[in-house]
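Geometric and topological summary
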Amino acid sequence: MTDLLDGPISRLDPRKVQTWVGRHDLTADVTVSLGCWLFLIFSNLINPFIGFGYIFLGAFLLWYFKSEYLAWAFQAPPYGMMILVALKHAPTYGMLLIVWIVIVVIITWPRFPKYTLPEFLRGMRALFK
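Nothing here was measured: the structure is a model prediction, and the numbers come from that model.

**Comments concerning the packing of helix α6 (residues 76-89) against helix α7 (residues 91-108)**
Interhelical geometry of α6 versus α7 gives an angle of 140° and a closest axis separation of 5 Å. In terms of their interaxial angle, α6 and α7 are classed as oblique. Seen from α6, the contacting residues are Ile83, Ala86, Leu87, Lys88 and His89; seen from α7, they are Pro91, Gly94, Met95, Leu97, Ile98 and Ile101. Class assignment of the residues belonging to the contact of α6 with α7 gives a composition of eight nonpolar, two polar and one charged.

**Focus: helix α3 (residues 25-42)**
Compared with an ideal rise of 1.5 Å per residue, which puts 18 residues at 26 Å, α3 spans 26 Å between its outermost C-alpha atoms and is within 8% of the ideal. Listed as buried for α3 are Asp29, Val30, Ser33, Cys36, Trp37, Leu40 and Ile41. Projected down its long axis, α3 carries its buried residues within an arc of 145°, all on one side. Phi turns positive, to about 60°, at Asn44, one or two residues after α3.

**Some remarks on unusual backbone geometry**
For Asn44, which is not glycine, the phi torsion reads 60° and is therefore positive. Within the secondary structure, Asn44 sits in the loop between α3 and α4 (48-65). In this structure Asn44 comes out as exposed when scored by relative accessible area, which is 64%. Phi is positive for Lys66, close to 50°, though the residue is something other than glycine. The residue Lys66 is located in the loop between α4 and α5 (68-74) in this model.

**So, the nonpolar core**
In this structure, Val30, Trp37, Leu40, Ile41, Ile46, Tyr54, Ile55, Ala71, Phe74 and Val85 together form the largest nonpolar core, which totals ten residues. Mapped by element, the contributors of at least two residues to this core are α3, α4 and α5. Top contributing element to this core by residue count: α3, with four residues.

**Details of the side chain of Ser67**
Of note, Ser67 is situated in the loop between α4 and α5. On the basis of relative accessibility, which here comes to 10%, the residue Ser67 falls in the buried class. When near neighbours in sequence (up to four residues on either side) are disregarded, Ser67 contacts Leu62 and Leu127.

**Side note on the packing of α3 against α6**
For any two helices packed against each other, the geometry comes down to the angle between their axes and how far apart the axes lie. Their axes nearest at 8 Å, the elements α3 and α6 cross at an angle of 45°. Here α3 is positioned oblique relative to α6, judged by the angle of their axes. The way α3 lies across α6 gives a crossing that is left-handed. Of α6, the residues touching α3 (which contributes Asp29, Val32, Ser33, Cys36, Trp37, Phe39 and Leu40) are Pro77, Pro78, Tyr79, Met81, Met82 and Val85.

Cut-offs used in this document
- Residues numbered from 1 in each chain as written.
- Predicted model: local features only at pLDDT ≥ 70, side-chain atom pairs only at ≥ 80, totals over all residues.
- Heavy atoms only, no water.
- Axes fitted to C-alpha atoms, helices over the stretch in contact; angles between N-to-C directions.
- Helix = DSSP H or I, 4+ residues; strand = E, 2+ residues; numbered from the N terminus.
- Parallel < 35°, antiparallel > 145°, perpendicular 65-115°, else oblique.
- Contact = heavy atoms within 4.5 Å.
- Nonpolar A, V, L, I, M, F, W, Y, C, P; charged D, E, K, R; others polar.
- Expected span 1.5 Å × (residues − 1).
- Buried < 20%, exposed > 50% of the residue type's maximum accessible area, 1.4 Å probe, protein only.
- Arc of directions from axis to C-beta.
- Core = buried A, V, L, I, M, F, W, Y, C linked by side-chain atoms within 4.5 Å.
- Left-handed = near helix turned anticlockwise from the far one by under 90°.

In structure tokens:
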């Protein structure tokens, strides 16, 4: 929930000064997704070979390319797996999670097609050039 609120709140600052927290927002996001992925591994919800392989491959690619857009993409599988696990083991909470995601998309929609998606696609295209 705080990840949804921190961007809009920081954009309200008339000084437009980026703080230490703002500069490390992506690091915090990736760390949380890594924590989710480790939870899935140590709970035997995904194969440890695949789980750790994904971590090492992701760490190598992030180190090699140093791309924030790759870090954005790196977060998707852990959260996707968490949704699938929730739907399987706690369907009510899994559905609530999907509803939450839909609400977040609706709230952030004005920025998503204009800024977020084009920026992500440009960044990913730049990796392949």
